[in-house]
Structures are given as structure tokens and as C-alpha cells.
Amino acid sequence: MKEEKSNKTKLVIFRLTPKEYANLEAKRSRTTCRKLSEFLRLLIFNRPVTVIERNGSQDQMIGELSELREELNRLGNNFNQATKRLNAVNQISEFRNWIASYETEKAFLFSILDKIKLQTDKLADRWLQ
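Nothing here was measured: the structure is a model prediction, and the numbers come from that model. (Residues numbered from 1 in each chain as written. Predicted model: local features only at pLDDT ≥ 70, side-chain atom pairs only at ≥ 80, totals over all residues. Heavy atoms only, no water.)

We now examine the overall build of the chain. Helix and strand counts for the chain come out as four helices and zero strands. Mapped from its N terminus to its C terminus, the chain presents α and β elements in the order α-α-α-α. A burial count over the chain gives 16% of its 129 residues as buried. Working note: accessible area of the chain is about 11,400 Å², and carbon and sulfur atoms make up 54% of it. (Helix = DSSP H or I, 4+ residues; strand = E, 2+ residues; numbered from the N terminus. Buried < 20%, exposed > 50% of the residue type's maximum accessible area, 1.4 Å probe, protein only. Areas by Shrake-Rupley, 256 points an atom, 1.4 Å probe, with all protein chains shown as cover.)

What follows is the structure, encoded as C-alpha cells:
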């Protein structure tokens, strides 16, 4: 048999001071509940509430990794812009030789940057779960 979906039609309203509300919201923010109503339902009906424990040093590390990722993206963009400009002036023979060696160095650098970016993405994804 098909289970009936119960509509939530009853409204419960009560007032809190700003300090009480801030305290309640702070407690909710440390859980997996996205909405305050969900958090309150779990509490009222004595259901388990999943609490997320955050490590301050890991939060700082994630912030630094995010900055590193942004900087790596900027470096890659600057590198590509420089490459385009150099290819525009490759008619000079000295530049042609330099560009050839530059391309091999570029490939190596980009492979290292991709590895770093992959690892920072993995760390960020693991932490944000």
C-alpha cells in the first residue's frame, strides 16, 4: 500500500530574544540540519541530531588551500597569456628556439600544477562532506 504524505498544516509560533535566537541558530549551524524548522522538529520529537564537529586548524588549512588553488589558477592564466604573446612573435629565430624549450617546461609545470590542484580539490571535497 502507498503511504500517505502528511501535510504540515499546524503552525507553532513563539518569541525569542535576539540572544536566544542567536544561541539557537548557533546550535543548528553545528548540525546537518539546513533549516531551523527541521532542527526543532528533531529536538521536539527526541530524534537523533547529527552534530558536525569542526577542527579550527583544519578550517584554517582549508582556507589556505583555497587561496593556494586560486593562486594556481591565476598563475596558469598568466602563463597561458604569456604563451600566446610569445607565439605571436615567433618569427624571430631566437624566440623560436626559446619557445621550443619553453613548451617542454610548460608541459612539465602544468603536469605538476594539475597534481597539486587535484590534491587540493580532493582535500577540500573530503573536508566539506
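Next, the rest of the story.
With that settled, consider the side chain of Arg-28. Following the sequence through the fold, Arg-28 ends up in helix H1 (residues 18–29). Accessibility expressed as a relative area gives 14% for Arg-28, which makes it buried. Among all residues touching Arg-28, those that are not within four sequence positions of it are Cys-33, Arg-34, Lys-35, Leu-36 and Phe-39. (Contact = heavy atoms within 4.5 Å.)

Moving on to the layout of surface pockets. What the largest pocket holds in volume is close to 420 Å³. What lines the largest pocket is simply Lys-8, Lys-10, Leu-11, Val-12, Ile-13, Phe-14, Leu-16, Ser-37, Leu-40, Arg-41, Ile-44 and Phe-45. Residues that form the lining of the largest pocket fall into these classes: eight nonpolar, one polar and three charged. (1 Å grid on protein atoms, 1.4 Å probe; cavity = no way out; pocket = protein on both sides within 12 Å on 5 of 7 lines; lining within 4 Å. Points joined across faces, edges and corners; volume = space filled by probe spheres on them. Nonpolar A, V, L, I, M, F, W, Y, C, P; charged D, E, K, R; others polar.)

Our focus in this paragraph is the side chain of Thr-31. Its place among the elements puts Thr-31 in the loop between H1 and helix H2 (36–44). Here Thr-31 falls in the buried class, since its relative accessible area comes to 6%. Engagement of the side chain of Thr-31 in a polar contact is seen with the backbone nitrogen of Cys-33, the distance being 3.2 Å. Apart from residues lying up to four places away in sequence, Thr-31 is in contact with Phe-39, Val-49, Thr-50, Val-51 and Ile-52. (Polar contact = N/O pair within 3.5 Å; in protein donor to acceptor, adjacent residues only side chain to side chain.)

Nothing here speaks to function; it is all geometry.
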